[in-house]
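# Close look at the chain arrangement
The lines below spell out each chain.
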Amino acid sequence: MEGAGDCSSCVGVMLELARGISQWAHGFKNGVIFVFNTGEEEGLNGAHSFITQHPWSRAIRFVIDLEAMGIGGKSSLFQGGSAPWAIETFAKVAKYPSGQIIAQDLFLSGAVKSATDLQVYQEVAGLSGLDFAYSDATAVYHTKNDKLKLLKPGSLQHLGENMLAFLLHTARSSRFQKEAEVEREGGTGQTQAIYFDVLGKYMVVYTQRFASMLHNSVILQSLLIWITSLLMGGYPGAISFGLSCLSIVLMWIFSLSLTILVAFIIPLMSTSPVPYIAYPWLVIGLFGAPAILGALTGQHVGFFFLKKYLRHVYKKRVPRLSHNVQENLIEWEAERWLFKSGFIQWLILLVVGNFFKVGSSFLALIWLVSPAFAYGLMEATLSPSRLPKQLKIITLILGLAMPVLVSAGMIIRLVGTIIGVFARFERSPGSAPDWLGSLIVAIFSAAVVCLMLVYLLSYIHLSGAKGLVIFAMCTLLALTLTAVSSGIFPAFTEDISRAVNVVHVVDATGRYGNQDPASFVSLFSATPGKLTKEVENLKNEEFACGKNKTLDFVTFTVNYGCWSSKDSNNGWSKLDIPELHVESDSMSDIRKTRVLIDTKLATRWSLAVNREEISDFTFEVDSEELVPSGHKSMVDGWHIIQFSGGKNSPTKFHLNLFWSTNTIHPSQKAYKQAEDTASLLLKLRTDVNMVTPKVERVLQKLPHWCSLFGKSTSPYTLAFLTALPVQF
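Residues numbered from 1 in each chain as written. Predicted model: local features only at pLDDT ≥ 70, side-chain atom pairs only at ≥ 80, totals over all residues. Heavy atoms only, no water.

You'll find the protein entered in an unreviewed UniProt entry as Vacuolar membrane protease, with Phoenix dactylifera given as the organism.

## Description of the sheet that holds strand β16 (residues 624-627)
To be explicit about the condition: Pairing between strands is defined by DSSP: at least two bridges between the two strands are required. The way it works is that DSSP assigns letters per residue, a run of H or I at least four long becomes a helix, a run of E at least two long becomes a strand, and they are numbered from the N terminus. Structural elements are reduced to axes, namely lines fitted to C-alpha atoms, with helices fitted over the stretch in contact, and the angle between N-to-C directions of any two is expressed from 0 to 180 degrees.
The five strands lie next to each other as β12-β13-β18-β15-β16, forming an open sheet whose pairing is antiparallel. The open sheet terminates on both sides in strands that have one partner only, identified here as β12 (579-587) and β16. For this sheet the average axis-to-axis angle between neighbouring strands, irrespective of direction, equals 25°. Sheet topology places β12 next to strand β13 (residues 591-598); eight bridges connect them, and they run antiparallel. Looking at the pairing, Ser584 lines up with Arg594 of β13.

## Concerning the state of the cysteines
Here is the rule: Disulfides are defined as pairs of cysteine sulfur atoms found within 2.5 Å of each other. For every residue, the accessible area (1.4 Å probe, protein chains only) is compared with the maximum for its type, and the residue is labelled buried under 20%, exposed over 50%, or partly exposed between those bounds.
All told, the structure shown has two disulfides when counted by the stated rule. Here Cys7 engages in a disulfide with Cys10; their sulfurs sit 1.7 Å apart. Here the residue Cys7 and the residue Cys10 both occupy positions in helix α1 (residues 4-24), the gap between them amounting to three residues, near one helical turn. Take Cys7 and Cys10: they sit in the same class, and that class is buried. Residue pairing for Cys545: its cysteine sulfur links by disulfide to Cys562, the two sulfurs lying 1.9 Å apart. Across the S-S bond linking Cys545 and Cys562, the dihedral sits near 105°, which makes this disulfide right-handed. Placement of the pair is Cys545 in strand β8 (residues 544-546) and Cys562 in strand β11 (residues 561-564), with a sequence separation of 17 residues. The exposure class assigned to Cys562 is buried, which follows from its relative accessible area of 1%. Sequence-ordered numbering of the bonded cysteines in the protein yields a pairing of 1-2, 3-4. Unpaired in terms of disulfides, Cys706 finds its nearest cysteine sulfur in Cys562, a separation of 11 Å.

## Some words on the packing of helix α8 (residues 208-269) against helix α9 (residues 282-317)
Spelled out, the test is: Any angle that falls under 35 degrees is termed roughly parallel, while one over 145 is termed roughly antiparallel, one within 65 to 115 roughly perpendicular, and all others oblique. Crossings are classed by handedness, with left-handed meaning an anticlockwise turn of the near helix from the far one by less than a right angle and right-handed meaning a clockwise turn. Any residue that is not Ala, Val, Leu, Ile, Met, Phe, Trp, Tyr, Cys, Pro, Asp, Glu, Lys or Arg is counted as polar, Gly included; the first ten are nonpolar and the last four charged.
It is at 7 Å that the axes of α8 and α9 come closest, and there the two elements cross at 155°. Relative to α9, α8 is oriented roughly antiparallel. In terms of crossing hand, the pair formed by α8 and α9 is right-handed. Class assignment for the residues of the contact of α8 with α9 results in 24 nonpolar, ten polar and no charged.

## Some details on empty space enclosed by the protein
Rolled over the atoms, a probe sized like a water molecule indicates the empty space that remains. This is how the line gets drawn: Grid spacing is 1 Å over the protein atoms alone, the probe is 1.4 Å, and a cavity is where that probe fits but cannot get out, while a pocket is an open set with protein on both sides within 12 Å along at least five of seven lines and lining residues have an atom within 4 Å of a point. Grid points are joined across faces, edges and corners, and a volume is the space filled by probe spheres set on the points.
Taken as a whole and assessed by the stated rule, the structure comprises three cavities of 30 Å³ or more. Volume-wise, the largest cavity comes out at about 100 Å³. Taken together, 14 residues form the lining of the largest cavity, with Glu426, Gly430, Asp434, Gly529 and Tyr560 sitting closest to its centre. For the lining of the largest cavity, the per-class residue count stands at five nonpolar, four polar and five charged.

Take a look at the structure:
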């Protein structure tokens, strides 16, 4: 794997920045330190080592982290909301400022299960900073396709020009040192920064405090206008308001229903449950078309009930008008209520976002205020007795110009990122249903259509284009479903590969009922879907696939995969199997057990401690305590330790286990029956970067659209498994 995007590109840009800054380093009031560290993928070890051990670390006041989640596009700011002054400076001096608070919201919410070096600087040293990353073509992340030929030179130029301007400005700034110090001490009283760019040319930055004031003002004014309008409209106005709200509900129900139906159909029609990874534009036909169909249908039903009620109102209100004129008035007023119903959903989102201090609530603000202002300017009347007119096209253009300008690029990039993530969607392969990925895209597509096309769709019912729109959407959906089912557009290509892992496993846990270690090659994928086509290429290797052989890799579990024991006894030695040896087991106030961990030739390993049995522990190497006693986290009943060292790293460690108070020493009381004897106290996986003959053959036979995938939790191509039972 070349790692051109993640993150050789960052190294190249930093080297060029160092050269440039050395030439313009005149009048600097602050130093600039370039840190090139490894170990980011192995638990952010490099950043941690620098900030805790390097003598220069005490001089650090602010951090800029360059990252990559793809191999091109704009390098955008996606974290840094706690330093408004820094973002304001970046927005002012960068040539092409790019950043979206919505990316920070998603990252901090846990929707993106990842971390960057900035997290270490924030948590360990209390520093503030900015995080930048590419996100285009994110499907190539950590695969063989993260290569130089796909890296876009314009992306490097974009990052370099922005960073050079920012670094030169901050290095010469006398304000920088003061702001960074005050921020570090928590004395600014500042809140999170809200930021977003407009077409990558201009960035808007303001604080959460100002956002709250602005949002509260808009919310109060909106409620006041609605209440006044409903009081002036009387009982008919209240009923019409209720029916317009019903149209919104129906629009969401129909749109979600159709897109979710397609999400369930796709795995039945296609060889891959996510057939749009290589060609993301297929999502327009697969989910955009049914979302529009559903939204238009739901809105039409609401439009029907509105007209039915308004007919009753107008018979009493203006009984002398001719039937044709009356019908036109009814349709025009119903159309207006549909348009105004868009205000309601955006107002609700603004209220919720403001309450929870969600940074991306600015979207609700823009999509509420701009169309409402255009409607008030071009359409609204002060007299409820005035008869309605048909909505003007200029109202739609004025109302949507600003929201579309701000949101369109953001939504397109977000969709691309979401689709790319599906190439490595399953942290534990086979743990999620095949349709889950498409379900997420379906819900997102329906939400975008219902929220952002509500104003446009309200115009279609009287435009005469309704039939044409329905026909076009049905045709588009049918064509894309046909293309996907026929394989015209394959799910994976040479440049957009399926992420797979091929691991020679030596399992010495005894889970297969014998004392000898079990040896086999495991094939699994973080990309949703079966491995049928991949195994077809592995002729004579005798792979079997299914969910009947769950494989626990300590940091994750393979619930669906393929395995083969044929010719798997070569390329490894029993002497390399790690050992968990109990050196002592004593009982005083609490039970304490000391375990020797010998990882043999492996310097990369993962250990799981059963937290239901163990209340605390310490971890030592050469009598030096690496992990002290104290609060230990737990995930599904286990605390995970991951270790990665260099070629001279130690391979023998000591683990001191302190049992839970309700645990009884085996010499005092017998354990319960079978379920206790089968439970594990410790689980250990050691990784060896070695390709065995069996693995080499498998790698050669895999289809060209497959690529090995690696993360800090992933094993190498040779992994040893061992365990210590509770009843040792």
